[in-house]
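Breakdown of the fold
Chain by chain, the residues:
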Amino acid sequence: MTGNALDQLAIATIRTLSIDAVQQAKSGHPGTPMALAPLVYAIWNRVMRFDPKDPIWPNRDRFVLSNGHASMLLWSVLHLSGTHAVNAEYERLGEPSVTLDDIRRFRQLDSRTPGHPEYHWVSGVEATTGPLGQGIATSVGMAIARSWLAERYNREDFALFDYDIYAVCGDGCLMEGVGSEAASLAGHLGLENLCWIYDNNRITIEGPTSLAFTEDVAGRFRAYRWNVLQVADANDLAAIEEALGRFRKTRGRPTLIVLDSHIGYGSPHKIDTAAAHGEPLGEEEVRLAKRAYGWPEDASFLVPDGVREHFDAGIGARGAEAWQRWESLFDAYRERFPELAAEIEQMQRRELPAGWDADLPSFPPDARGLAGRDASGRVLNALARRVPWLLGGSADLGPSNRTTLTFPGAGDFGAESPGGRNLHFGVREHAMAAIVNGLSLSKLRAFGATFAIFSDYARPALRLSAMMELPTVLVLTHDAMGDGEDGPTHQPVEQLISLRAIPGLVVLRPADANEVVEAYRYVLQLRHRPAVVMLSRQPLPTFDRRRYAPAAGLARGAYVMADAPDGQPELVLIASGSEVCLVVAAHEELAARGIRSRVVSMPSWEIFEQQPEAYRQEVLPAQPAARIAVEQGSTLGWERYVGAGGLVIGMKTFGASAPLKDLQRRFGFEPERIVAAATGLLGRK
Ligand SMILES: Cc1ncc(C[n+]2csc(CCOP(=O)(O)OP(=O)(O)O)c2C)c(N)n1
């Protein structure tokens, strides 16, 4: 068989595997894989430097399927290329990532072929995608990481990091705001190793794009300062390869390839949108499509002889050769630059360098205290000096979030300064969170920052951080009503509880400067969980830890900070963050009145829930039943800790625009109100 015939056979195999899997599952999207099979084939078998035997090799080209509903494309190529599996400890397993049986069990429980690409579940998937726009936005983080890594580690004759990032997207990804935010930043940063391929099929679920999407996409990307290329026929392998080649030669700009295609290509009937999306073709249509591809009509899940071998000779051979070359290069690099090589190895395993916490400050007692955000700024700087690959930034609120890294050499990341550690995301919270995911997928330790209220703008990507089990960090300042005069639009109410509802995410709301230190100490040691650190805008007293329990208790999620003298309280006061000092003041006042209370600082529900039952009982015993929780956020959920006999002082409405003191009075966040609630609850004066 000629090379050309083998190419066509391989493409038809991707198409028919996709059709058969969707048909068998009775759900999925067959139309896009049918149309994009040549593209994905060209990228994988002709261009990508990816070693199927080692899918986590650091210098591999990345492939992100942003139109995740076309996941069968990915399952087909992972199978045909013989990509191997890797486990959560980064051990390379000899077994295939996706077997033909997995493909037969597309979308079924525990198969390695879920409905959408799932990072951490299927080896070879570079990012979880499905919510449209996320994949392309994440790819921008990957491209930033690629520039940063090259700048820090490449040396003359040692191009350790020179990989490219390919992301495939459809109309949906380009309609979504997050895609536009990310594209704008990518153009600004001139990320030349980034290539998006836009499947311009002029159709979405409801029908033709003429319904809602008639903008000039190419013009828009030119305005973003991207290199825009056109391929007029999605079946023209040579033209696709030519465009990919031009991308690789383009300097100083990312590339968008606009690929004109027809959804459901090969289907004899004009495929309607419902059939292309979320519905199998049906037996008859499957047969006719196979006939159009010159395929045996009755065969299903057929991989003809020669196809796997063709992938072995293409991506397999090219990947193995690139891998071997890189391994030798890295061996020589390790000899010449042992420290840098050690950094790369630690980073790849998500480990921290020795002494990473050596410069963490300890804050002396101070009644006037320090704002959470100020303590955070000092801690972040102390950590970033010690962890060279810790980097991040804010969505244009750096001075306010106090996330700027100010030590010598930290610098700003930019097109001309790709080694900078301060990222400037612009006012783009959603893209920021997706980019942070991309940085983390590239094994950098990355943080983003904004006001707590705007976590809503970042939430879809944050949810994916948790799903992908990435150790990202989101620094959220102005975590309550501390910004006073800015008013209800800026005062979070339901954000805390909604963040706590994201499975796997660690939410931390430290009470004073020393809890901030402990919060970051905890967060930095996470390897497979994202964290949110909620910080106050206003100063909070730094507690005297000789009098109150050490801040290290934070690592257990909640701890007894102050107690009744005999350890037998009548009442338990629970609070987080800026409200802990209020309950401490109430506790002192109650003590003066002869009422025995306990103060529990509860910076993190999630961490507390992980503690053994005995510890949780010790901190929050069944008796006394009189408990009061105080938090400047929605009261929702606190019932869990205060029980039926308890009370929650929290927010039931939006806030208001006024100085903080007035807001605290209006909404009941004052020690005397807590004292009154306590005496009322106990039926005492
Ligand atoms: C954020 C988000 N909104 C909606 C959907 C549901 N959805 C899945 S595919 C699709 C249509 C996408 O159209 P396009 O990107 O052009 O893909 P194609 O029609 O080429 O398959 C939609 C709306 C989604 N996956 N993510």
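Residues numbered from 1 in each chain as written. Predicted model: local features only at pLDDT ≥ 70, side-chain atom pairs only at ≥ 80, totals over all residues. Heavy atoms only, no water.

Under an unreviewed UniProt entry, the name given to the protein is Transketolase, and the source organism is Tistlia consotensis USBA 355. Taken from UniProt, the Subunit (unreviewed entry) comment for the protein reads in full: "Homodimer." In its Catalytic activity (unreviewed entry) section, the UniProt record describing the protein reads: "D-sedoheptulose 7-phosphate + D-glyceraldehyde 3-phosphate = aldehydo-D-ribose 5-phosphate + D-xylulose 5-phosphate". (UniProt positions renumbered as here; feature names shortened; annotations may be inferred.)

As a further point, take the UniProt feature "site: Important for catalytic activity" (unreviewed entry) in the protein. According to UniProt, the feature "site: Important for catalytic activity" (unreviewed entry) maps to H29 and H277 in the numbering used here. Looking at the secondary structure, you find H29 in the loop between helix 1 (3-25) and helix 2 (31-47). (Helix = DSSP H or I, 4+ residues; strand = E, 2+ residues; numbered from the N terminus.)

Here we come to the pattern of salt bridges. Applying the stated criterion across every chain, the model contains 41 salt bridges. Residue E631 is joined to R500 by a salt bridge in which the shortest nitrogen-to-oxygen separation is 2.7 Å. Here E631 is found in strand 19 (residues 627-634), whereas its partner R500 is found in helix 18 (residues 495-500), with 131 residues between them in sequence. You'll find E631 and R500 in the same group, each marked buried. R596 is the salt-bridge partner of E570, the closest N and O atoms lying 3.9 Å from each other. Placement of the pair is E570 in the loop between strand 16 (559-562) and strand 17 (571-575) and R596 in the loop between helix 20 (580-592) and strand 18 (597-601), with a sequence separation of 26 residues. For R596, a relative accessible area of 33% translates into the label partly exposed. (Salt bridge = Lys/Arg side-chain N within 4 Å of Asp/Glu carboxyl O. Buried < 20%, exposed > 50% of the residue type's maximum accessible area, 1.4 Å probe, protein only.)

Turning our attention to the sheet that holds strand 19. In space, the five strands of this open sheet follow the order 16-18-17-19-20, with mixed pairing throughout. Among the strands making up the open sheet, the edge pair consists of strand 16 and strand 20 (647-651). If you compare each strand with its neighbour and ignore which way they point, the axes differ by 25° on average. Alignment of strand 19 against strand 20, held across four bridges, turns out to be parallel. Bridged to I628 within strand 20 is L647. (Pairing = 2+ DSSP bridges. Axes fitted to C-alpha atoms, helices over the stretch in contact; angles between N-to-C directions.)

A large share of strand 9 (residues 390-394) lies buried, amounting to five of its five residues. The alternating pattern of strand 9 places L390, G392 and S394 and L391 and G393 on opposite faces, both of which are buried. As defined by bridge partners, strand 9 adjoins strand 11 (residues 445-451) across five bridges and the pair is classed as parallel. Following the sheet pairing, G393 is matched in strand 11 by G448. The pairing of strand 9 with strand 10 (residues 422-424) spans three bridges and is parallel. Residue G393 lies in a different strand from strand 10, and its bridge partner there is L423.

The next thing to look at is the side chain of Q491. Tracing the backbone through its elements, the reader meets Q491 in the loop between strand 12 (473-477) and helix 18. Residue Q491 is classed as buried on the basis of its relative accessible area, which comes to 2%. For Q491, the side chain forms a polar contact with the main-chain oxygen of A656, separated by 2.9 Å. (Polar contact = N/O pair within 3.5 Å; in protein donor to acceptor, adjacent residues only side chain to side chain.)

Time to look at the domain arrangement of the protein. Each assigned domain of the protein is listed with its residue range as follows: domain 1 (3-323), domain 2 (366-541) and domain 3 (550-682). Measuring from the centre of the C-alpha atoms in domain 1 to the corresponding centre in domain 2 gives 32 Å. Listed as interface residues are 32 residues of domain 1 and, on the opposing side, 35 residues of domain 2. Buried surface at the junction of domain 1 and domain 2, summed over both partners, amounts to about 2800 Å²; 67% is from carbon and sulfur atoms. The tally of links between domain 1 and domain 2 comes to one salt bridge. Here R527 makes a salt bridge to E89, at a shortest N to O gap of 3.7 Å. The interface formed by domain 1 and domain 2 includes seven residue pairs in polar contact (both at pLDDT 80 or more). For the side of domain 1 that touches domain 2, the elements supplying multiple residues, two or more each, are helix 5 (134-153) and helix 7 (177-189). Its residues placed into classes, the side of domain 1 that touches domain 2 shows 18 nonpolar, eight polar and six charged. (Domains from an automatic or database assignment. Contact = heavy atoms within 4.5 Å. Buried area = accessible area lost by both parts, 1.4 Å probe. Nonpolar A, V, L, I, M, F, W, Y, C, P; charged D, E, K, R; others polar.)

In this section: the packing of helix 2 against helix 3 (residues 71-80). Contact pair helix 2 / helix 3: the axes reach a minimum separation of 10 Å and the direction vectors enclose 40°. By the angle between their directions, the pair helix 2 and helix 3 is classed as oblique. Read as a crossing pair, helix 2 and helix 3 show a hand that is right-handed. For the pair formed by helix 2 and helix 3, the contact residues are P33, L36, A37, V40 and W44 on the first element and M72, L73, L74, V77 and L78 on the second. (Parallel < 35°, antiparallel > 145°, perpendicular 65-115°, else oblique. Left-handed = near helix turned anticlockwise from the far one by under 90°.)

Moving on, we get to the environment of H424. By the element assignment, H424 lies in strand 10. Judged by relative accessible area, H424 falls into the exposed class, the value being 52%. C-alpha of H424 to C-alpha of L185: the two residues are 239 residues apart in sequence and 9.2 Å apart in space. Contact partners of H424, with chain neighbours within four places excluded, come to L185, S394 and D412. Within the local environment of H424, its side chain forms a polar contact with the side chain of D412, the two groups lying 3.0 Å apart.

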